[in-house]
Amino acid sequence: TYNMTFEVYDAAVDGIQLAVAGPLSVSVADGLYEVELPLSPASFEDTDRYLQITVNGELLDPRVKIVSVPYAYFSGRAEAADAADIAAAVTEGASS
């Protein structure tokens, strides 16, 4: 196992740290690992986000741009909110 820390930033270099998870004890097999990060969807609401990983105190460089899944999660929540607004409007119109 390795001690890993995961940090989310708003820029590929420097920038503002938006979230941190760790250090976490992570099992690695053949260079592969799986980690579920306890990050808030709010961390992904604006522009690009970058993941910085530290393994056993050694910073891996460069940061990795986060794509797809967190944005899809946020998008799914937004879609559900739109559907709820439409349902409310239809229900409200039906009761008039």
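Analysis parameters
Residues numbered from 1 in each chain as written. Predicted model: local features only at pLDDT ≥ 70, side-chain atom pairs only at ≥ 80, totals over all residues. Heavy atoms only, no water. Buried < 20%, exposed > 50% of the residue type's maximum accessible area, 1.4 Å probe, protein only. Helix = DSSP H or I, 4+ residues; strand = E, 2+ residues; numbered from the N terminus. Pairing = 2+ DSSP bridges.

## Focus: the pairing of strand β3 (residues 49–55)
- For β3, a buried count of seven out of seven residues is recorded, marking the element as mostly surrounded by other parts of the structure.
- Here strand β1 (residues 2–9) pairs with β3 via six bridges, running antiparallel. Opposite T5, over in β3, you have T54 as the bridge partner.
- Here β3 runs beside strand β5 (residues 64–66); their pairing, made up of three bridges, is antiparallel. Residue pairing across strands places L51 opposite V64, the latter belonging to β5.
- Looking at chain direction, β3 and strand β4 (residues 58–59) are connected through two bridges and run antiparallel. Looking at the pairing, T54 lines up with L59 of β4.
- Adjacent in sequence and paired antiparallel, β3 and β4 are bridged by two residues, among which N56 carries a positive phi angle near 45°.

Everything listed is a geometric property; what it means functionally is a separate question.
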